[in-house]
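# Secondary and tertiary structure notes
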Amino acid sequence: MASAAFNDYVQTLETVFDQAVTEGSDDELFASGYLRGHFDLVVAQLELNDAAQTSAVLPAVRASVEHAKHELAPADMVHIQAMLQRLADAAAQAELTS
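An account of the accompanying structure is given in this report.

Calculation rules
Residues numbered from 1 in each chain as written. Predicted model: local features only at pLDDT ≥ 70, side-chain atom pairs only at ≥ 80, totals over all residues. Heavy atoms only, no water. Helix = DSSP H or I, 4+ residues; strand = E, 2+ residues; numbered from the N terminus. Expected span 1.5 Å × (residues − 1). Buried < 20%, exposed > 50% of the residue type's maximum accessible area, 1.4 Å probe, protein only. Arc of directions from axis to C-beta. Contact = heavy atoms within 4.5 Å. Polar contact = N/O pair within 3.5 Å; in protein donor to acceptor, adjacent residues only side chain to side chain. Salt bridge = Lys/Arg side-chain N within 4 Å of Asp/Glu carboxyl O. Axes fitted to C-alpha atoms, helices over the stretch in contact; angles between N-to-C directions. Parallel < 35°, antiparallel > 145°, perpendicular 65-115°, else oblique. Nonpolar A, V, L, I, M, F, W, Y, C, P; charged D, E, K, R; others polar.

Here we come to helix 1 (residues 4-23). Taking 1.5 Å as the rise per residue, helix 1 with 20 residues should run 28 Å; its terminal C-alpha atoms sit 28 Å apart, in good agreement. Listing the buried residues of helix 1 in full gives F6, Y9, V10, L13, V16, F17 and A20. Buried residues of helix 1 fall within an arc of 100° about the axis and therefore sit on the same side. Opposite the packed face of helix 1, turned more than 90 degrees from it, sit the exposed residues A4, A5, Q11, V21, T22 and E23.

Below, the structure written as structure tokens:
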């Protein structure tokens, strides 16, 4: 079972996706939707494997995207990398406030 800190961390990062849906451009919406699938899969895998640690989330998402990057046009990767940076910024902020 995931810790409260892990769940709080996941919720913090989910707000980045939610903001992209409500406030983002079409490109941000695409990147958010694409990354949300990777993010949700990574979180579920970490929880199932009893490895739900905040430090594991973003590296695993990056690895998942890297593994699937052949599916994307270079222009799409630019938007996805920008969204990954927004997630990293939110994660860093969450760590500062916890």
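This part covers the environment of Y34. Relative to the assigned elements, Y34 resides in helix 2 (residues 26-48). Ignoring any residue separated from it by four or fewer positions in sequence, one finds Y34 in contact with A68, E71, L72 and I80. There is a polar contact of 3.2 Å between the side chain of Y34 and the side chain of H38.

Counting across every chain of the model gives 5 salt bridges. R86 is paired through a salt bridge with E28; the nearest N and O atoms lie 3.5 Å apart. On the criterion of sequence distance, the pair formed by R86 in helix 4 (residues 74-97) and E28 in helix 2 is long-range, its members being 58 residues apart. Judged by relative accessible area, R86 falls into the partly exposed class, the value being 28%. Relative accessible area serves as the criterion here: at 30%, E28 is assigned to the partly exposed category. R36 serves as the salt-bridge partner of D40, at 3.2 Å between the closest nitrogen and oxygen. Of the two residues, D40 and R36 both sit in helix 2, 4 residues apart, roughly one turn of that helix. Through salt bridges with shared partners, a single ionic network connects E14, D18, R36 and D40.

It is worth spelling out the packing of helix 2 against helix 4 at this point. What describes two packed helices is the angle between their axes and the distance between those same axes. Helix 4 packs onto helix 2 with a crossing angle of 70° between their chain directions and a minimal axis gap of 9 Å. Put simply, helix 2 runs roughly perpendicular to helix 4. For the pair helix 2 and helix 4, contact is made by D27, E28, F30, A31, S32, Y34 and L35 and by D76, H79, I80, M83, L84, R86 and L87, respectively. When its residues are assigned to classes, the contact of helix 2 with helix 4 shows 8 nonpolar, 2 polar and 4 charged.

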